[in-house]
Amino acid sequence: MSLWHIRTVSPCMEYIELGRACYTTTPPLWGPDGLIYNGHLITCPRHYKQTTNDVANFFYEPGNDRLIAHLLLNTTYWPGWDARRYEFDAETGKWLNRDSVLNRSSDSWIGIWGAAWTRDATMGSFNKIYACRNSETAIREISWRSAEPVEGGWWVDPYTWNPKSIYSFAVVNRVDGLLAAASSWTLDCWRNIGTTPERFAQLRLPNVLNYLAYESRRNCWGITRDGIIVKADYQIPRWEMTSQVQNPAADARGYYITYDTKRKQAVVFRWLPDAADGACRSQLEFYYPVVKATLLTQPVPVTSLKAGERVMLVSHLVGDAGEGVTPYTVEGELLPPAEGYLATPVSGTEFNGRACFIYQAPWQTCTETLKVSANIEEP
Amino acid sequence: MYEKVFESTKLVTPDGSYDAWRHLFYLPAWDAFMAVGNSEYARVFRDGTKARFGVRSGGYEPLGRVRGVPAWWKPWTKRLHPAFEINGLPDDNQVLNPAWEVEYGVGPSATRQAFVDEAARLYLHQATMNRIDVYDLGVGQVLYQITHNAGAWFTSVAWADAGQVACLVKSTGAVRIIDYLRGRVVVEAGRVDPFAVGAYDCRHHNFVTLGADRKVRVYCRETLPANLSAPQFEQAQVRALKANAVRARLTGQDGEPCAGWWVHWELLGVGQGAALGYLDRNVSKTDEDGWAGNLYYGPDDGATGQSRLRVRVVY
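Fair warning: this is a prediction, and the values are worked out from it, not measured in the lab.

1. Describing the environment of B:Tyr123
Residues and elements named next belong to chain B.
Reasoning step 1: Among the secondary structure elements, Tyr123 is positioned in strand 10 (residues 122-128).
Reasoning step 2: Residue class for Tyr123 comes out buried when judged on the 29 C-beta atoms lying within 10 Å of it.
Reasoning step 3: Those residues within four positions of Tyr123 in sequence are excluded, and the remaining contacts are Ala114, Val116, Tyr135 and Leu137.

2. What about the sheet that holds strand 17 (residues 197-201) of chain B?
Residue and element names in this part refer to chain B.
Reasoning step 1: Strand order in the open sheet formed by 4 strands is 1-19-18-17, with antiparallel pairing between adjacent strands. Strands with a single pairing partner mark the edges of an open sheet, and in this sheet they are strand 1 (2-11) and strand 17. Taking each pair of neighbouring strands and ignoring which way they run, the sheet shows an average axis angle of 20 degrees.

3. So, the sheet that holds strand 7 (residues 118-123) of chain A
Residue and element names in this part refer to chain A.
Reasoning step 1: If you walk across this open sheet you meet the 4 strands as 7-8-9-10, and the pairing is antiparallel. At either margin of the open sheet sits one strand with a lone partner, and together these are strand 7 and strand 10 (155-156).
Reasoning step 2: Note: strand 7 against strand 8 (residues 129-133), 4 bridges, orientation antiparallel. Opposite Thr118, over in strand 8, you have Arg133 as the bridge partner.

4. Side note on the interface of chain A and chain B
Reasoning step 1: Between chain A and chain B, the contact holds 32 residues from the first and 35 residues from the second.
Reasoning step 2: Sorting the residues of the side of chain A that touches chain B by element identifies strand 14 (198-204), strand 18 (238-244), strand 23 (300-301) and strand 24 (310-318) of chain A as the ones contributing at least two each.
Reasoning step 3: Considering only residue class, the side of chain A that touches chain B consists of 14 nonpolar, 13 polar and 5 charged.

5. Some remarks on unusual backbone geometry
All names here are of chain A.
Reasoning step 1: Geometrically, the link from Cys44 to Pro45 is a cis peptide bond, its omega value of 5 degrees lying close to zero.
Reasoning step 2: Topologically, Pro45 is positioned in the loop between strand 3 (34-35) and strand 4 (50-61).
Reasoning step 3: A cis geometry characterises the amide bond from Trp78 onward to Pro79, with omega recorded as 5 degrees.
Reasoning step 4: Turning to its location among the elements, Pro79 is positioned in the loop between strand 5 (66-75) and strand 6 (81-89).

6. Digging into the domain arrangement of chain A
Residues and elements named next belong to chain A.
Reasoning step 1: Along its sequence, chain A is carved into domain 1 (3-291) and domain 2 (295-374).
Reasoning step 2: Facing the 5 residues of domain 1 at the interface are 5 residues of domain 2.
Reasoning step 3: In terms of residue count, strand 18 provides more of the side of domain 1 that touches domain 2 than any other element does, 4 residues in total.

7. Considerations on the nonpolar core
Reasoning step 1: Judged by nonpolar contacts, the single largest core of 92 residues is most densely connected at A:Ala170, A:Ile257 and A:Val268.
Reasoning step 2: Mapped onto the domain boundaries, this core takes at least three residues apiece from domain 1 (3-291) and domain 2 (295-374) of chain A.
Reasoning step 3: If we skip the residues at most four places from it in the chain, A:Ala170 touches A:Tyr130, A:Cys132, A:Ile139, A:Leu179, A:Ala181 and A:Leu212.
Reasoning step 4: Residues B:Val36, B:Trp72, B:Ile178 and B:Val192 belong to the second largest nonpolar core, which totals 79 residues.

8. Focus on the pairing of strand 22 (residues 243-251) of chain B
Residues and elements named next belong to chain B.
Reasoning step 1: Bridge analysis of strand 20 (residues 227-228) against strand 22 gives 2 bridges, and the strand direction is antiparallel. Within strand 22, the position partnered with Asn227 by the bridge is Thr251.
Reasoning step 2: Across 2 bridges, strand 21 (residues 232-233) lies against strand 22 in antiparallel orientation. Bridge assignment links Phe233 to a residue of strand 22, and that residue is Val246.
Reasoning step 3: Alignment of strand 22 against strand 26 (residues 291-297), held across 7 bridges, turns out to be antiparallel.

9. Digging into the domain arrangement of chain B
Residue and element names in this part refer to chain B.
Reasoning step 1: In terms of domains, chain B is made up of domain 1 (2-223) and domain 2 (227-313).
Reasoning step 2: In this structure, domain 1 and domain 2 have C-alpha centres spaced 44 Å apart.
Reasoning step 3: Opposite the 4 residues of domain 1 that make contact, domain 2 presents 6 residues.
Reasoning step 4: Breaking the side of domain 1 that touches domain 2 down by element, the ones donating at least two residues are strand 16 (185-191) and strand 19 (215-223).

Scoring rules and cut-offs
- Sequence order as written defines the numbering, with residues in each chain counted from 1.
- For this description, chains carry letters from A and ligands carry numbers from 1, given in the order in which they are written.
- Local features in this predicted model are restricted to residues whose pLDDT is 70 or higher, and side-chain atom pairs enter the listing and the counts only when it is 80 or higher, whereas totals over whole chains, interfaces and linings include all residues.
- Think of it this way: any DSSP run of H or I at least four residues long counts as a helix, any run of E at least two long counts as a strand, and we number them from the N terminus.
- Counting other C-beta atoms within 10 Å of a residue's C-beta gives its exposure: the residue is buried at 20 or more, exposed at 12 or fewer, and partly exposed in between, where C-beta atoms are placed from the backbone.
- Any two residues are considered in contact once their C-beta atoms, placed from the backbone, lie within 7 Å.
- Note on pairing: two strands pair once DSSP finds at least 2 bridges between them.
- For helices, the axis comes from a line fit to the C-alpha atoms of the stretch in contact; other axes are also lines fit to C-alpha atoms, and the angle between any two N-to-C directions lies between 0 and 180 degrees.
- Residues are grouped as follows: Ala, Val, Leu, Ile, Met, Phe, Trp, Tyr, Cys and Pro are nonpolar; Asp, Glu, Lys and Arg are charged; every other residue, Gly included, is polar.
- Note that the domain bounds reflect an automated or database-derived domain assignment.
- Defined on buried residues, the nonpolar core groups Ala, Val, Leu, Ile, Met, Phe, Trp, Tyr and Cys residues joined through C-beta atoms within 7 Å.

Next comes the structure, spelled out in structure tokens:
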């Protein structure tokens, strides 16, 4: 794990079960059992009436202290699709509106316009939810319930700015008049968005962005399509950290990140392909916004290995993504039979996780083994 | 030949089966290396630990830059952008050559690297396999040329020290340290094993390479001893009751001097006879030219005969 993993809720949601034996062959659209859309969903071994088609939005909703996901589903029932709001407990990840969703209650129905025309919503200034749109170039304040624009709500249209821009992801800081937005590889930082918008900087991402989340008036979080997590200060702007999700999976269909501003933790929705029987495998992952040390690299000499001289050896305490971890203490020990001695048996890590040891070599030729270790405590 | 101080057992392999490493850069903020493949970025540590960092975006070609953090050339705009110190990715907010466009023939590539020093407003381009042209970064004019006679394209040109670049040739492992700012000459020549991609660690002054076998090799910037000459007296006639200067030279595989090595001296008798005379020191250190010196005092009792001097280096 790279960011400090707290818990995973897997699966975090379910699909509606068929409630009878699955079909041995794919049922036709219109047959003895009536109208059946997407018949492959209930062809053995699959036996669920739904599957995820798209994750439109995933964000932390501070008013209700919940994690919200707006999903588009393919279904076997009319009209062949569904658009639902999934609500999760921000503390535990428990699925709170399970009954409502599985019973297809109107309470969790969000309608096609919110789910299909609104994308990649995230919390922003004044605890409101803002989103880019598939149907227009504007960025709007939206309803957390339906994902539809709030009537009379705040909006801007970057397509009217210079340079004209169309975004898929945006973080809105109305207090400081800032906007950080991206469409693929580059995070554009705008200021004076209420008066004369000016794109004052751009940050290059390590891969195509998959989701962007607001943390504060200064910071935002992004996650790429391969699970790399980046934190940016969009006021300066600069990158603050690069990390990744725990065990990034090649078959993951998408990663969606949000930041729980109450608990100060990052939450990732990992959209995974369905199980062989069609069961939902998507999961919620909770992380502290710090890197967990997982690896201590082998100490490598960086000075000449001369007899009678001091030799510097360098090791790194890093997370899975190679991020340096500090402050930690790395201990070194020469395993017997030792012929030289370790002048610095303990070293503190630098920001990049580097720990440095000085070894005094004897006058004669020898082979030594340096063992390094670090004690990582759970918070 | 520079001294190899480490060779990894771990292999640094690109994720894509058809991918290959194209560049390797030392990033001071990481104290590790950024490996750039055709379609991948990775963070590589000296012991061969690799962490995938991202996907390479098209349209940028990396090159060496002053103070160690690389720069990126964007062929579409012909602009040079510095890399973000924290992650090495191109920083489009800054343009190092606002007034001059680096054309295709002058831009860097994986087989023919370049270097930019925006502090001194210079751009180093390999005009031939034996010469570097130094351009004015402001107007794009060649200010002067530096002849190095390496006979091959440098595939890595990395900042080594103030006004100096370390240039490496992957096919032969040839290394040239070139003073591009003041002396405008090759100040040091050496060699490492042939490699696939190489970098210069400007913090520890090491050469770090990724071989075709995908192992990481670390070479410190000191010559590995290969030959120690027989001791030579400065005056052929050795005299008793007087200090006779004697010295031996330590050199590398290609005859280059080895500085800073301890040479051990021993005075031995010949046959059954005891050693005659005395040595001033048991060990002495080689100087910049590879010479280690000592003093021999002949016997003070008028004895005559033969003695042997033995010198050795321990490493």
